[in-house]
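# Reading the structure
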Amino acid sequence: MIPRTIAREGEVIVFIDQTLLPGRLETVRCTDPERLATAIRRLEVRGAPALGIAGAYGVALAAMQSEAGDMEGFLAGLVDAAGYLRGTRPTAVNLGWGIDRVLAAAGTAETVESAKEAAVAEADRIAAEDEATCRAIGRHGAALIPDGARVLTHCNAGALACSTWGTALGVVRSAVEAGKEVSVTACETRPLLQGARLTAFELAEDGIPVRVITDSTAAFLMRRGEIDCVVVGADRITRDAVFNKIGTYMHAVCARHHGIPFYVAAPLSTFDTVRSEAEVVIEERDEDEIAVFNGRRIVREGVRCTTYAFDATPLDLVSGIVTEEGVFRPPFDLMPEPRNI
Ligand SMILES: CSC[C@H]1O[C@H](OP(=O)(O)O)[C@H](O)[C@@H]1O
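All of these numbers come straight from a predicted model, not from anything done at the bench.

Further remarks concern the pairing of strand β9 (residues 241-245). Residues in a regular strand point their side chains to alternate faces of the sheet. Most of β9 is tucked away, with 5 of its 5 residues classed as buried. Pairing of strand β8 (residues 236-237) with β9, which is carried by 2 bridges, proceeds in the antiparallel orientation. Across the sheet, residue R236 finds its bridge partner in β9, namely F243. Count of turn residues in the β8/β9 antiparallel hairpin: 3 residues. When β9 meets strand β13 (residues 310-314), the two strands line up antiparallel, connected through 5 bridges. By the bridge assignment, K245 is partnered in β13 with F310.

In structure tokens:
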């Protein structure tokens, strides 16, 4: 297994710089919450659960470094850090969830010192909970994966999107751990190639059979009967839709057309059932993420590129949502209440 995606060592937050993978597995030692915000914005750290941990540790870093002499000044500094951390990426609900949990923990303390301890302890709790949550998701999801299954996935919802183990790839890992033969077809996931760069890397490291395809090959393989199920992650689950990496909706429509089960694996912290699809901001990223490939311009200057980072899949295309508390199935009337504060 690869090292933890993000962890705390004393007053230092250590994270894998995922922009360097698969060629280089390097970690960054970070003591500055604004540097951590940059890492989130650049997708050095990415993936909904990992963003929850990163947001939490960003506020914890601000707490550890605070020189405020009173609670008012201390909390004002945390709120300032929370603001720029929250503003890095709008779609994954876990980012705000992690930030808010640490703010709330610090806010209940009486003194600056005890507030610092409370902030760090809560961020550590969020990081520690994540592994147990992913393994529970894996256990529930593994029951859905038949022996010999050929699983399609999109983007990276693996250990690199969490503290470890993963959500969608956690389901795969748990199925393999249960003794099932599972192979994975990973969509490369243009434009940032999380599938090609990260999913293939993780699964190969674990010796799990994986192949990479272009995103546009998925429907062709479904039609040829070469995919038995689709398992993806999620960034936010509203009462009517699943927000996930751009391209997920396309796979859900094709899976339904071909009668292939389409599963979403996500922790309860990703649920935001007080909102509907229309109320969610979909992150748009820099046009150069499409227009420039490997340092070379592939789109003529002046031609506009639209780079949505996520799309929304209506719940009626989803066969089941795998969480740490079990599998939610259609008609999804009994969805969990959001765990966000
Ligand atoms: C386990 S959730 C991972 C989720 O996050 C990814 O987005 P990004 O790489 O932009 O952070 C993608 O939507 C994955 O499904």
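Picking up after the structure, the text goes on.
A few words now on the layout of surface pockets. Here the largest pocket is characterised by a volume of approximately 350 Å³. Elements with a minimum of two residues in the lining of the largest pocket: α7 (194-205), α10 (288-291) and β11 (292-293). Here the lining of the largest pocket is built from residues that sort into 6 nonpolar, 4 polar and 6 charged. Both domains that meet at the lining of the largest pocket, namely domain 1 (6-134) and domain 2 (139-328), each give it at least three residues. Quantified by volume, the second largest pocket comes out at close to 260 Å³. Lining the second largest pocket are 15 residues, with P90, A92, V93, G96 and R236 sitting closest to its centre. The greatest single-element share of the lining of the second largest pocket, amounting to 5 residues, is contributed by helix α4 (residues 93-107). Residues belonging to the lining of the second largest pocket are distributed by class as follows: 7 nonpolar, 2 polar and 6 charged. The residue makeup of the lining of the second largest pocket includes at least three contributed by each of domain 1 (6-134) and domain 2 (139-328).

This part covers the domain arrangement of the protein chain. Here the protein chain is described as being made up of domain 1 (6-134) and domain 2 (139-328). Summarising the inter-unit geometry, the C-alpha centres of domain 1 and domain 2 are found 25 Å apart. With 26 residues of domain 1 at the contact, the number on the domain 2 side is 32 residues. Carbon and sulfur atoms make up 56% of the area that domain 1 and domain 2 hide from each other, which totals about 2,400 Å². Taken as a group, R46, T91 and C134 account for 25% of the area that domain 1 buries against domain 2, more than any other trio of residues on that side. Remark: the boundary between domain 1 and domain 2 carries 1 salt bridge. Here E283 and R89 are joined by a salt bridge, their closest N and O atoms 2.9 Å apart.

What follows covers the site of the ligand. Around the ligand, 18 residues are found, and the nearest of them are R46, R89, D235, N244 and K245. Between the ligand and the protein, one listed contact pairs an oxygen atom with a side-chain N or O atom of D235 at 2.5 Å. One nitrogen or oxygen atom from the side chain of K245 is found 2.7 Å from an oxygen atom belonging to the ligand. Considered on its own, the ligand offers 400 Å² of accessible surface; in the complex 100% of this is hidden by protein. When residues of the shell around the ligand are traced back to their parent elements, those giving at least two are α2 (48-65) and β9. Across the shell around the ligand, the residue classes break down as 8 nonpolar, 6 polar and 4 charged. Composition of the shell around the ligand by domain shows at least three residues from each of domain 1 (6-134) and domain 2 (139-328).

Calculation rules
- Residues numbered from 1 in each chain as written.
- Predicted model: local features only at pLDDT ≥ 70, side-chain atom pairs only at ≥ 80, totals over all residues.
- Heavy atoms only, no water.
- Buried < 20%, exposed > 50% of the residue type's maximum accessible area, 1.4 Å probe, protein only.
- Helix = DSSP H or I, 4+ residues; strand = E, 2+ residues; numbered from the N terminus.
- Pairing = 2+ DSSP bridges.
- 1 Å grid on protein atoms, 1.4 Å probe; cavity = no way out; pocket = protein on both sides within 12 Å on 5 of 7 lines; lining within 4 Å.
- Points joined across faces, edges and corners; volume = space filled by probe spheres on them.
- Nonpolar A, V, L, I, M, F, W, Y, C, P; charged D, E, K, R; others polar.
- Domains from an automatic or database assignment.
- Contact = heavy atoms within 4.5 Å.
- Buried area = accessible area lost by both parts, 1.4 Å probe.
- Salt bridge = Lys/Arg side-chain N within 4 Å of Asp/Glu carboxyl O.
- Near = heavy atom within 4 Å.
- Polar contact = N/O pair within 3.5 Å; in protein donor to acceptor, adjacent residues only side chain to side chain.
- Areas by Shrake-Rupley, 256 points an atom, 1.4 Å probe, with all protein chains shown as cover.

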